[in-house]
Amino acid sequence: WQKIDTILLDLDGTLLDLNYDLHFWLEYVPLIYSKNHNITHKSAKDKIIPILRSEMGNLNWYCPDYWGERFGLDIIKLKVELSHMIKILPHVEDFLNEAKAQNKKIFLATNAHRKTIKIKMDIAKLEKHFDGIISSHDYGAAKQEQKFWSELASELKLSKDSTIFFDDSKDVLESARQFGIKHIVAISKPSSKISPKKVEGFINIENFHNVLPTT
């Protein structure tokens with residue numbers, strides 16, 4: 001930690017329980033779609049999930065406006081309806097408090113759309129911990145793309161050697177490594193409802209308990 005001055009943190013599956021997003025997209029959206037189109041929940045899932053997967057890793061994947069248009073649904077309204085499921089993952093707040101006490105710069109670096117970030121911050125109340133919040137939509141490029149990292153490094157005047165990045169998505173972690181971020185950690189338990197799964201090729205942690213910054 002003595003070598004690190006900047007902490008970059010993903011949101012969903014890193015700070016917040018991914019169970020909310022998985023349930024929202026794989027269960028709740030198909031449920032509402034099924035009611036609107038008078039089809040079974042299973043039929044709606046069979047239709048919607050392949051469409052979702054076709055955009056995985058692209059900026060559209062994270063855009064509520066895009067999916068609202070594709071499915072004829074008010075995605076933001078539905079996200080608010082389910083917002084009681086938004087939960088902070090274990091030891092996150094301890095980590096953020098200790099990092100701030102050690103004078104680390106802390107940035108949220110997420111693919112989430114700013115409309116989605118607002119819903120989640122309204123519930124989780126984590127924004128006070130951040131020196132800044134960066135959405136990939138600001139740059140027109142997802143974290144899987146090198147353009148995102150170039151823009152981020154320029155905006156934050158980032159030192160790659162003294163930056164640590166936490167994320168749960170292997171393709172994002174690989175993109176960060178390709179860009180040259182020196183310290184990279186994978187979250188192996190992004191959802192409280194799913195067993196830990198090792199992200200090959202990276203240091204893995206289940207939660208932030210064992211990585212509290214120390215002097």
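Our subject is the structure that appears above.
Residues numbered from 1 in each chain as written. Predicted model: local features only at pLDDT ≥ 70, side-chain atom pairs only at ≥ 80, totals over all residues. Heavy atoms only, no water.

1. Some details on the pairing of strand S2 (residues 105-110)
Burial runs high along S2: five of the six residues are buried. Summarising the sheet, S2 and strand S3 (residues 132-135) pair through four bridges and their orientation is parallel. Each residue of the ladder has a partner; that of Phe-107, found in S3, is Gly-132. At this point the chain moves from S2, through helix H6 (residues 114-124), to the parallel S3, and the crossover so formed is right-handed. (Buried < 20%, exposed > 50% of the residue type's maximum accessible area, 1.4 Å probe, protein only. Helix = DSSP H or I, 4+ residues; strand = E, 2+ residues; numbered from the N terminus. Pairing = 2+ DSSP bridges. Right-handed = clockwise from strand over helix to strand, strands pointing away.)

2. As for the sheet that holds S2
Pairing within the open sheet is parallel, and its six strands lie in the order S3-S2-S1-S4-S5-S6. The strands lining the two open edges of the sheet, one partner per strand, are S3 and strand S6 (203-205). Between one strand axis and the next, the sheet turns through 25° on average, direction left out of account. Here strand S4 (residues 163-167) pairs with strand S5 (residues 183-187) via four bridges, running parallel. Bridging from a neighbouring strand, Ile-164 pairs with His-183 of S5. Contacts from helix H5 (residues 92-101) reach strand S1 (6-9), S2 and S4 within the one sheet, and its direction differs from that of S1 by about 160°. (Axes fitted to C-alpha atoms, helices over the stretch in contact; angles between N-to-C directions. Contact = heavy atoms within 4.5 Å.)

3. Here we look at the nonpolar core
Of all hydrophobic cores here, the largest spans 46 residues; its most connected members are Ile-7, Leu-9, Leu-15, Phe-95, Phe-130, Phe-166 and Phe-208. When residues of this core are assigned to their parent elements, the largest contribution, seven residues, is made by helix H1 (residues 19-37). Contacts of Phe-130, omitting those with residues within four sequence positions, involve Leu-9, Leu-15, Leu-96, Ile-106, Phe-107, Leu-108 and Met-121. (Core = buried A, V, L, I, M, F, W, Y, C linked by side-chain atoms within 4.5 Å.)

4. Remarks on unusual backbone geometry
For Asn-103, which is not glycine, the phi dihedral falls at a positive 65°. Assignment of secondary structure puts Asn-103 in the loop between H5 and S2. Since its relative accessible area comes to 68%, Asn-103 is described here as exposed. Of note in this structure, Lys-157 is not a glycine but carries a positive phi near 50°. Note that Lys-157 resides in the loop between helix H8 (146-156) and S4.

5. Points about the pattern of salt bridges
Side chains that carry opposite charge are capable of pairing whenever their charged atoms lie near each other. Evaluated as defined, the whole model comprises 12 salt bridges. Among the ionic pairs, Lys-115 bridges to Asp-65, the shortest N-O distance being 2.9 Å. With Lys-115 in helix H6 and Asp-65 in helix H3 (residues 64-71), this pair connects stretches of sequence that are 50 residues apart. The shortest N-O distance in the salt bridge between Lys-143 and Asp-167 comes to 2.7 Å. (Salt bridge = Lys/Arg side-chain N within 4 Å of Asp/Glu carboxyl O.)

6. A short note on H6
Among all positions in H6, only Thr-116, Ile-117, Ile-119, Lys-120, Met-121 and Ala-124 are buried. Packing partners of the buried residues in H6 comprise H1, H3, helix H4 (75-81), S2 and S3. Of the residues one or two after H6, Lys-125 is the one with positive phi, at around 55°.

7. As for the side chain of Thr-6
Considering the arrangement of structural elements, one finds Thr-6 in strand S1. Taking relative accessible area as the criterion, Thr-6 reaches 9% and is therefore assigned buried. Engagement of the side chain of Thr-6 in a polar contact is seen with the side chain of Asp-5, the distance being 2.8 Å. The contact partners of Thr-6, leaving out residues within four places of it in the chain, are Lys-105, Phe-107, Leu-158, Ser-162, Thr-163 and Ile-164. (Polar contact = N/O pair within 3.5 Å; in protein donor to acceptor, adjacent residues only side chain to side chain.)

Fair warning: the whole summary comes from geometry, so function is off the table for now.
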